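Architecture and fold: a report
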Amino acid sequence: CMKEERGMPIGIIRNLLKTYGSKGFQTKVLKGIDLTIYKHDFIALMGPSGSGKTTLLNILSTIDQPTQGTVALDGQDLAQMSNKELSKLRRNKIGFIFQDYNLLDTMTLQDNIALPLILNGVSSQACIQKVETLASVFGLSGHLKKYPYQLSGGQKQRGAACRALITEPEILFADEPTGALDSKSGRDLLECLKMVNANGQATIFMVTHDPFCASYANDVYMLSDGIITCKLSKGAERKEFYDRIMDLQASMGGNGS
Ligand code: ADP
Ligand code: MG
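Let us look at the structure shown here. Remember, predicted model here, so these are calculated numbers, not experimental data. (Residues numbered from 1 in each chain as written. Chains lettered and ligands numbered in written order. Predicted model: local features only at pLDDT ≥ 70, side-chain atom pairs only at ≥ 80, totals over all residues. Heavy atoms only, no water.)

1. Let's talk about helix α5 (residues 153-165)
For clarity, the threshold we go by: Counting from the N terminus, the helices are the DSSP runs of H or I reaching at least four residues and the strands are the DSSP runs of E reaching at least two. What a helix should span is 1.5 Å times the count of its residues minus one. Burial here depends on accessible area, computed with a 1.4 Å probe over protein chains only, as a share of the maximum for the residue type. Under 20% is buried, over 50% is exposed, and the range in between is partly exposed.
With 13 residues, α5 extends 18 Å from end C-alpha to end C-alpha; this agrees with the ideal 18 Å at 1.5 Å per step. When you tally the buried positions in α5, you get 12 out of 13 residues, the bulk of the element.

2. Things to note about the site of ligand 1
Selection rule: Here a residue is considered near a molecule or strand provided that any single heavy atom belonging to it is located within 4 Å of it. Polar contact is defined as a pair of N or O atoms within 3.5 Å, subject to the rule that within protein one atom must be able to donate a hydrogen and the other to accept it, and that residues adjacent in sequence are counted only when both atoms are side-chain atoms. Per-residue and other accessible areas follow the Shrake-Rupley method at a 1.4 Å probe size, with only the shown protein chains counted as cover for residues. Only Asp, Glu, Lys and Arg are considered charged in this grouping, and only Ala, Val, Leu, Ile, Met, Phe, Trp, Tyr, Cys and Pro are considered nonpolar; every other residue, Gly among them, is considered polar.
Taken together, Tyr20, Val29, Pro48, Ser49, Gly50, Ser51, Gly52, Lys53, Thr54 and Thr55 are the residues near ligand 1. At a separation of 3.0 Å, an oxygen atom of ligand 1 approaches a polar backbone atom of Gly52. Contact distances for ligand 1 include 2.6 Å between an oxygen atom and a side-chain N or O atom of Thr55. Burial of ligand 1 by the surrounding chains reaches 55%, relative to a free accessible area of 560 Å². Ranked by the residues each element gives to the shell around ligand 1, the list is headed by helix α1 (residues 53-60), at three residues. Considered class by class, the residues forming the shell around ligand 1 number three nonpolar, six polar and one charged.

3. Overview of the pattern of salt bridges
Basically, it comes down to this: Definition used for salt bridges: Asp or Glu carboxyl oxygen within 4 Å of a side-chain nitrogen of Lys or Arg.
Applying the stated criterion across every chain yields a total of six salt bridges. Residue Lys18 pairs with Asp64 through a salt bridge whose shortest N-O separation is 3.3 Å. Here Lys18 is found in strand β1 (residues 9-20), whereas its partner Asp64 is found in the loop between α1 and β4 (68-73), with 46 residues between them in sequence. Across the pair, Asp64 and Lys18 agree in class, each one buried. As a salt-bridge pair, Asp74 and Lys93 come within 2.5 Å of each other at their nearest N and O atoms. Highlighted residues: Asp74 in the loop between β4 and β5 (76-77) and Lys93 in helix α2 (residues 83-93), separated in sequence by 19 residues. For Asp74, a relative accessible area of 25% gives the class partly exposed.

4. Here we look at the packing of helix α3 (residues 109-119) against α5
Inclusion rule: Whenever a helix is involved, its axis is fitted only over the stretch in contact; in every case the axis is a line through C-alpha atoms, and angles between N-to-C directions fall within 0 to 180 degrees. Oblique is the label for any angle not covered by the other classes, which are roughly parallel (under 35 degrees), roughly antiparallel (over 145) and roughly perpendicular (65 to 115). Helix crossings are classified by the rotation of the near helix relative to the far one: an anticlockwise turn of less than a right angle makes the crossing left-handed, while a clockwise turn makes it right-handed. Residue contacts are counted whenever heavy atoms from the two residues lie within 4.5 Å of one another.
Contact pair α3 / α5: the axes reach a minimum separation of 7 Å and the direction vectors enclose 30°. Between α3 and α5, the angle falls in the class roughly parallel. Here α3 runs over α5; the crossing is right-handed. Where α3 approaches α5, its residues Leu109, Asn112, Ile113 and Pro116 are matched on the opposing element by Gly159, Cys162 and Arg163.

None of the figures reported here should be taken as evidence of function without further support.
Rendered as structure tokens:
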């Protein structure tokens, strides 16, 4: 492993095991994961369907608990935190993007994006300014007064990304964020994520089975048979990185779907 100059650690996973089911019917999904996420990272966790990507993301993002091992976020051991502390951590330090947008149908895009700020008691004037700034980065300036049904899937997902980033979280979690999008909309979203990461506005941990999606990250980890089998890091070019991810995937004998 290369020694690299890195930022502060945001997420630390040590010897993580996750088993589902009860005695006699157990599935060992994660069998010993060690991973450190540093500030400013853009990580993609890749692996075939059913390999445990969502399980790992859910444990790291406080939604699920490990069977064994430790997980720390923002310097705090999650196992030592009360429910109240965990919900505060989720509200202030974590952003989520899921496959299926999760925007509220009865609110405009503006209000959907502002919602986490409103819940935190931020004044509406300050909300509007923050929303407008972020929306322009994501190409949504002309759409803020619209309701979700008036938006395309790509616009909704970029809106969901804005909502996730509006509180300036320490880390953004994305689970198959392009899974429901056509390829152009997927690319637009990934370009935006790449931009906010490069600007220093977001540390991103994304899970995906799609090599193209993964090639937008700076580091790709492969999850297979419950362990992380290897790590690839991007050079100068996304296309060249994509080719290496494809080669590795082929050598592992999977087509990724
Ligand atoms: P991925 O996101 O890589 O497709 P998941 O993390 O969703 O994989 O699932 C990994 C494995 O764990 C699968 O075999 C799945 O069926 C199983 N699994 C996931 N969640 C549960 C659960 N709540 N109870 C039992 N098994 C589960
Ligand atoms: Mg999944």
